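What follows is each chain in one-letter form.
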Amino acid sequence: MILMTKFKEKLHHGWTIFVAEYIKFPVYIMLHPLKGFESFKRDKRASMKVSIVFIVALVVLNILAFQYTGFEMNNNDIRDLNSIAEIIYIVAPIILITVSNWAVTTLADGKGKMKEIFMMISYSLFPLIWSTGIALVLSNFLTGDEIAFYTLTLSLGLFLMGYMIFFGMISIHEYGLVKCIITILGTLLAASIIIFVVLLGYDLFQRIYGFFYTVYREITLRDLI
Amino acid sequence: MRKTKILIFLLTTIVLLTTIQAKAAIGYTYNHKGEAIYSTIGLTVNQDPYIASTLGINPVDFTSPEDMFVYKDKLGNETIYIVDSVSNKLFVFDGNFVLQDTVSDYKLTIDQFSLDELSKIKSDKDYVVARNTFFLQNIDSALGKAIITTEPVTIEVAEMRWKNTNDSIAKVEQVDGVDYVIAQGAGQTTVIAEFYTANDLLKETPIPTISQTYKVIVTDEVPGSIIDPTKTNGFSEVELNNMTSFQLKLSNVVCVYRSVIEKTGEDYIYLCDKGNNQIVVIDAITYEIVKFVTVPDDISFEGINFSPEDVITDITGRMYVIADNIFEGIIQFSVDGIFNRFTGVNYVTLSAWEIFWRNISTESQLAKQSSIINTSFTSMCTNSDGFIYSTSYAITNDDGIVTDDNSMIKLINTSGKDVIRRNGYQSPKGDVIYIRSSTASAVRGPSKLSGITANEYGIYTVVDSKMGKLFTYDYEGNLLYISGQPLYISSDRGSQIDTLSNPVAITYHGEELLVLDKNNKAILVYENTDIGALINQAVQYEYVGDSENAALVWQEVVKQNSNYEYAYIGIGKMYRKNKDYEKAMEYFKIGADKDAYSRAFKLYRDAKIRQAFPYIAGGVFAIVGAKITYNLIKYKRFRKVREGADDSYD
């Protein structure tokens, strides 16, 4: 009996923490972005655990949306579903933005650490996660004429995500408005440079691999004769 | 012994079952995603093609058949016309391909035409009215006139000068001391010869004794070559005055068409006389020439060699002509052959982005950019409403890369607008998937549609001369079936009896489809396969609005070919009509018709809500009622307590 109450208490406690960490705090940040991110950074209220869970949730929701979005809104063929690709589509841009933003803001007196930037972006996924989920459910009850509600939900999520990231940048790096905008542009530039370098490296690697492979084939074929 | 027998029997059965496979009809179609999938063909060749010997024609006269037309009169009697562009003969058959007539010369009665009209007409590549010859034999200055012959001779005058009115068409030059008229470009101009005697030249402003104007017409001469004065074999004006009629000879006849002008009842055959740059209209019964359409007197046609490729008319007798090198559209002529306008124009559209770039680019940048070239039409036919179905090549840019392949098939209404329906999974355009760039030009690029024909219930078929395929669509633009043998190897093209090598004309003949193949010199008779006939029947039912009978036929189609996606939409429509929305949704989903699915889903959802509403409303009422009663009881109790308290205070 005592165990039971203890378990109940524990469960209740866990639930309270879950609501506070995973819902209330992100909502608070969304509604009061400057104050929210302030406590996010100063009071170290953000946790890595929550960030990872948010990213995983978005990946899972995206995979679910691929298959279960209503027929009218769904342009995907289930045969094209590739969960690895879905993971990469979400994780890769986050890492790319994190790294490039860190690279730019370190030079521009940004106060944010890379971990904070990463967590800030993950927390900013919160509205997108909810809008994806709601849109997924909604799409199964809407007809083609009401498709606007579906797109509205999705675009609202995207907009709020952008809004949160923007204010997150201001708070985390302790920037003014203009500097924030400039660093965002710099981040995009850095991201494209990273992409370019990665592609260049990939191409180079392929060439080197091709060269050694040809050498290897040449040797093996000659030796065999 | 018995056991071995059973064993042998079993073994043979297994071997037969596993090794012998029924050869399925080879065919493909495109699914809703535009992927090629296996499917059944809708048209097949079941009989030997008609060739010259079976048609009763001398094979020498049937070396290059160009066009075929099936004319149906009001009583339903059919006449089939075929033209050959080398022998320039018109073969007339009845509905069963029995030769009725062979026409090679067409009687032209001179009284019916004015001299001006006659001077524009050509016969066997030459003008009917002989050109003025422009070489001078000698000058007899005493007589004051020049004797004109066809022999180039030096001139015995003190001095002569030539004047050209248009250097871009012809000019006079000296070659080995003899004056010749040298061709420069197609057109009509005049050359003036001025002859001065020694006396003339003494004056301050010399006036020539004789000034002779010669008409020079340049047609197909190579620029820079001498115009041969003997070339013309026309009649002189005097000769024409003494004749009542002569036989006109056509050259390179590429199109035949027959129709009756409803208002006047005039029954004419129209022939595209490409080699003579004219359209010849002849009487359908007597084959006598009635009228001509020559190059229009309009600025759009200046310097262009008018080469009509295809002609059709509407019910009022207006002519619609496709011509080589004319990119503006289909040329519309009035009943009398006067140029009206261009219709069905192939618009090249630029996106806002392209317009922006073109605005800020410099001249030299624009010159380096690949321009987008409009394409000309390839064939036409009329439907039962008198609208024109037309085909054209895809619009490409300079590099041969296709920029728009969706408007290759058009239905042009009387005001010149494209009103074809493109409600299918893809817009009608022949092959959806094709090799976009490769070195083998034989297989590259979109379909080259060379013929189109429509039947009375909106089904139209186009023929692709690149792959030898027939694509059949319904009036909504749904791809019904693809027929014809696949031609993957170019050297193998048309070697089989039922493959198409160079289809040039295609026409419905009852339920059959006739295809005229120029390389094979044959007419292939395509008949509907079982499933093809079923599909046609279903489309016919849908055309008249009988969706229930159509659905029954579609069910039969699905039984025979479960890959046939479009049929599921037809079945779904029946279920929707019977208010079985859930089933309708299921079928629309298989048929990938989002609009129809959405409509069915809306009805389904509304029905469900209507069904559930009493319970929901009841539930809400019950809860609200319970709450109110609960409150009332609570209030009463509270009042009682309060009253009691009040009492205690007293």
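Source: prediction; values computed, not measured.

Enquirer: Where do I start with the overall build of chain B in this structure?
Expert: When helices and strands are tallied, chain B shows twelve helices and 40 strands. The buried share of chain B, taken over its 650 residues, is 47%. By sequence separation, contacts in chain B at least 24 residues apart represent 50% of the contacts at least 6 residues apart. Here chain B has roughly 33900 Å² of accessible surface; of this, 53% comes from carbon and sulfur atoms.

Enquirer: Sorry if this is basic, but what is going on with the pattern of salt bridges here?
Expert: For the structure shown, the criterion picks out 25 salt bridges over all chains. As a salt-bridge pair, A:Glu146 and B:Arg605 come within 2.9 Å of each other at their nearest N and O atoms. Residue A:Glu146 is found in the loop between helix H6 (126-139) and helix H7 (147-173), and its partner B:Arg605 is found in helix H12 (residues 594-649); the two belong to separate chains. Taken individually, A:Glu146 and B:Arg605 each receive the classification buried, so the pair is uniform in this respect. Several salt bridges share partner residues, and in doing so they unite A:Asp77, A:Arg79, A:Asp80, B:Lys33 and B:Glu35 into one network.

Enquirer: Help me out: how do you make sense of the interface of chain A and chain B in this one?
Expert: Accessible area lost upon the coming together of the parts serves often as the stated size of an interface. Counting residues at the interface gives 14 residues for chain A and twelve residues for chain B. Both sides together, the interface formed by chain A and chain B hides about 1000 Å², and carbon and sulfur atoms give 52% of it. When the area that chain A buries against chain B is broken down by residue, the three leading residues are A:Phe71, A:Glu72 and A:Thr143, summing to 56%. Seen at the junction of chain A and chain B, the total is five salt bridges. Summed over the shared surface of chain A and chain B, the result is seven residue pairs in polar contact (both at pLDDT 80 or more).

Enquirer: Would you take a moment to explain helix H3 (residues 48-68) of chain A for this structure?
Expert: Residue and element names in this part refer to chain A. For H3, which comprises 21 residues, the first-to-last C-alpha distance of 30 Å matches the rise-based estimate of 30 Å (1.5 Å per residue) to within 8%. Residues of H3 that are buried: Val50, Ser51, Phe54, Ile55, Leu58, Val59, Leu61, Ala65 and Phe66. Residues of H3 that are buried sit in contact with helix H1 (2-31), helix H4 (83-107), helix H5 (114-124) and H6.

Enquirer: Honestly, the sheet that holds strand S35 (residues 460-464) of chain B in this entry has me stumped. Any pointers?
Expert: For sheets, the rule is that strands pair by backbone hydrogen bonds, running either parallel or antiparallel. Residues and elements named next belong to chain B. One open sheet holds the four strands; their spatial order is S34-S35-S36-S37, and the pairing between them is antiparallel. Two strands bound the open sheet, and with one partner strand each, they are strand S34 (449-454) and strand S37 (479-483). Strand-to-strand, the axes of this sheet are offset by a mean angle of 20°, without reference to chain direction. As defined by bridge partners, strand S36 (residues 469-473) adjoins S37 across four bridges and the pair is classed as antiparallel.

Enquirer: Sorry, what's going on with the state of the cysteines here?
Expert: Residue and element names in this part refer to chain B. If you walk through the whole model with that rule in mind, you get zero disulfides over all chains. Cysteine Cys255 remains unbridged, with the sulfur of Cys272 as its closest cysteine sulfur at 4.3 Å. Assessed through its relative accessible area of 1%, Cys255 is described here as buried.

Enquirer: Explain the packing of H3(A) against H5(A) to me, please; I cannot follow it from the model alone.
Expert: Two measures define how a pair of helices packs: the angle their axes make with one another and the distance between the axes. Residue and element names in this part refer to chain A. At a minimum axis distance of 9 Å, the contact between H3 and H5 shows a crossing angle of 45°. When the axis of H3 is compared with that of H5, the two are oblique. Relative to H5, the crossing made by H3 is left-handed. Every residue of H5 that contacts H3 at Met48, Val50, Ser51, Ile52, Phe54 and Ile55 is listed here: Lys115, Phe118, Met119, Ser122 and Tyr123. When its residues are assigned to classes, the contact of H3 with H5 shows eight nonpolar, two polar and one charged.

Enquirer: Whenever I open this one, the sheet that holds strand S23 (residues 289-293) of chain B confuses me. Can you help?
Expert: All names here are of chain B. Pairing in this open sheet of four strands is antiparallel, and the strands run S20-S21-S22-S23 from one edge to the other. The two strands at the open ends of the sheet, each matched to only one other strand, are strand S20 (253-261) and S23. Mean inter-strand twist for the sheet, computed between neighbouring axes without regard to direction, equals 20°. For strand S22 (residues 278-283) and S23, the ladder comprises four bridges, and the chain directions are antiparallel. Opposite Val281, over in S23, you have Lys291 as the bridge partner.

Enquirer: Is there a simple way to think about the packing of aromatic side chains in this case?
Expert: Ring pairs (aromatic) are described by centroid distance and by the angle formed between their planes. Under the defined criterion, the tally for this structure stands at 41 aromatic pairs over all chains. Taken together, a centroid distance of 5.9 Å and an interplanar angle of 75° make the contact between A:Phe25 and A:Tyr123 edge-to-face. Of this pair, A:Phe25 sits in helix H1 while A:Tyr123 sits in helix H5, and the two are 98 residues apart along the sequence. Neither residue differs from the other here; A:Phe25 and A:Tyr123 are each classed as buried. Ring plane angle 25° and centroid distance 6.4 Å describe the contact between A:Phe159 and A:Tyr163, whose orientation is recorded as stacked. Of this pair, A:Phe159 and A:Tyr163 are both found in helix H7, four residues apart, which corresponds to roughly one turn of the helix. The exposed category is assigned to A:Phe159, whose relative accessible area is 55%. Taken together through their ring pairs, the aromatic side chains of A:Trp15, A:Phe18, A:Tyr22, A:Phe25, A:Phe37, A:Phe40, A:Phe54, A:Tyr123, A:Phe126 and A:Trp130 make up a single cluster. Across the ring face of B:Tyr393, the terminal group of B:Lys448 is positioned such that the distance to the ring centre comes to 4.5 Å.

Enquirer: Would you take a moment to explain the environment of B:Gly42 for this structure?
Expert: Residue and element names in this part refer to chain B. Positionally, Gly42 belongs in the loop between strand S2 (36-38) and strand S3 (43-45). Taking the C-alpha atoms as reference, Gly42 lies 9.0 Å from Gly484; in sequence the two are 442 residues apart. Apart from the residues within four sequence positions on either side, Gly42 is in contact with Tyr481, Ile482, Ser483, Glu527, Asn528, Thr529 and Gly532.

Enquirer: Can you walk me through the packing of H6(A) against H7(A) in this structure?
Expert: Residues and elements named next belong to chain A. Viewed as axis vectors pointing N to C, H6 and H7 meet at an angle of 175°, and their least axial separation amounts to 8 Å. In terms of their interaxial angle, H6 and H7 are classed as roughly antiparallel. Counting all contacts with H6, which are made through Pro127, Leu128, Ser131, Thr132, Ile134, Ala135, Leu138 and Ser139, the residues of H7 involved are Phe149, Tyr150, Thr153, Leu154, Gly157, Leu158, Leu160, Met161 and Met164. Per-class residue counts for the contact of H6 with H7 are twelve nonpolar, five polar and no charged.

Rules used throughout
Residues numbered from 1 in each chain as written. Chains lettered and ligands numbered in written order. Predicted model: local features only at pLDDT ≥ 70, side-chain atom pairs only at ≥ 80, totals over all residues. Heavy atoms only, no water. Helix = DSSP H or I, 4+ residues; strand = E, 2+ residues; numbered from the N terminus. Buried < 20%, exposed > 50% of the residue type's maximum accessible area, 1.4 Å probe, protein only. Contact = heavy atoms within 4.5 Å. Areas by Shrake-Rupley, 256 points an atom, 1.4 Å probe, with all protein chains shown as cover. Salt bridge = Lys/Arg side-chain N within 4 Å of Asp/Glu carboxyl O. Buried area = accessible area lost by both parts, 1.4 Å probe. Polar contact = N/O pair within 3.5 Å; in protein donor to acceptor, adjacent residues only side chain to side chain. Expected span 1.5 Å × (residues − 1). Pairing = 2+ DSSP bridges. Axes fitted to C-alpha atoms, helices over the stretch in contact; angles between N-to-C directions. Disulfide = S-S within 2.5 Å. Parallel < 35°, antiparallel > 145°, perpendicular 65-115°, else oblique. Left-handed = near helix turned anticlockwise from the far one by under 90°. Nonpolar A, V, L, I, M, F, W, Y, C, P; charged D, E, K, R; others polar. Phe/Tyr/Trp six-rings, centres within 6.5 Å; stacked < 30°, edge-to-face > 60°. Lys NZ or Arg CZ within 6 Å of the ring centre and 35° of its normal.

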